[in-house]
Amino acid sequence: MDPNATHKCAHPSCTCQIPVSQKYCNEYCKSAPETEFRCYCQHSDCRKAQ
């Protein structure tokens with residue numbers, strides 16, 4: 001597997017690209033409700049998407 005491979009954070013509203021070894025980009029996305037319409041993780045990818 002490509003060591004630089006990425007995928008989207010598992011939170012439905014988050015657009016962050018993260019290493020395949022991780023499921024969420026940070027603790028915020030891990031604990032945020034999946035019904036949230038916007039992502040507030042504060043990473044630059046998500047701030048640009050809003």
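Residues numbered from 1 in each chain as written. Predicted model: local features only at pLDDT ≥ 70, side-chain atom pairs only at ≥ 80, totals over all residues. Heavy atoms only, no water.

Caption draft 1: Summary view of the overall build of the protein. For the protein, the count of helices and strands is two helices and two strands. Written out in order from the N terminus, the α and β elements of the protein read β-β-α-α. The C-alpha atoms of the protein give 11 Å as radius of gyration, which agrees with the globular expectation for 50 residues (10 Å, within 12%). In terms of overall dimensions, the protein has C-alpha extents of about 30 × 20 × 15 Å along its principal axes. Put simply, the protein has 50 residues, and 28% of those count as buried. Partitioning the intrachain contacts of the protein with sequence separation of at least 6 by distance along the chain shows that 22% fall at a separation of at least 24. (Helix = DSSP H or I, 4+ residues; strand = E, 2+ residues; numbered from the N terminus. Rg over C-alpha atoms; globule rule 2.2 N^0.38 Å. Buried < 20%, exposed > 50% of the residue type's maximum accessible area, 1.4 Å probe, protein only. Contact = heavy atoms within 4.5 Å.)

Caption draft 2: Structural context of the side chain of Glu 36. Relative to the helices and strands, Glu 36 resides in the loop between α1 (27–31) and α2 (44–49). Put simply, Glu 36 is tucked away with no salt bridge, and the nearest opposite charge, on Arg 38, sits 9.1 Å away. In terms of polar contacts, Glu 36 uses its side chain to reach the side chain of Tyr 28, at 2.7 Å. In this view, Glu 36 contacts His 11, Ser 13 and Tyr 28; residues no more than four positions away in its chain are not counted. (Lys, Arg positive; Asp, Glu negative; His and termini not counted. Salt bridge = Lys/Arg side-chain N within 4 Å of Asp/Glu carboxyl O. Polar contact = N/O pair within 3.5 Å; in protein donor to acceptor, adjacent residues only side chain to side chain.)

Caption draft 3: Structural context of the environment of Cys 25. Its place among the elements puts Cys 25 in the loop between β2 (17–19) and α1. Setting aside chain neighbours within four positions, we find Cys 25 in contact with Cys 9, Cys 14, Cys 16, Ile 18, Cys 41 and His 43.

Caption draft 4: Representation of the nonpolar core in the model. Judged by nonpolar contacts, Cys 9, Cys 14, Cys 16, Ile 18, Tyr 24, Cys 25, Cys 29, Cys 39, Cys 41 and Cys 46 together constitute the single largest core of 10 residues. In contact with Cys 16, not counting residues within four places along its chain, are His 7, Lys 8, Cys 9, Cys 25, Cys 41, His 43, Asp 45 and Cys 46. (Core = buried A, V, L, I, M, F, W, Y, C linked by side-chain atoms within 4.5 Å.)

Caption draft 5: Inspection of unusual backbone geometry at higher detail. Even without a glycine there, the phi angle at Gln 42 is positive, about 75°. Mapped onto the secondary structure, Gln 42 falls in the loop between α1 and α2. Given the relative accessible area of 49%, Gln 42 is considered partly exposed.

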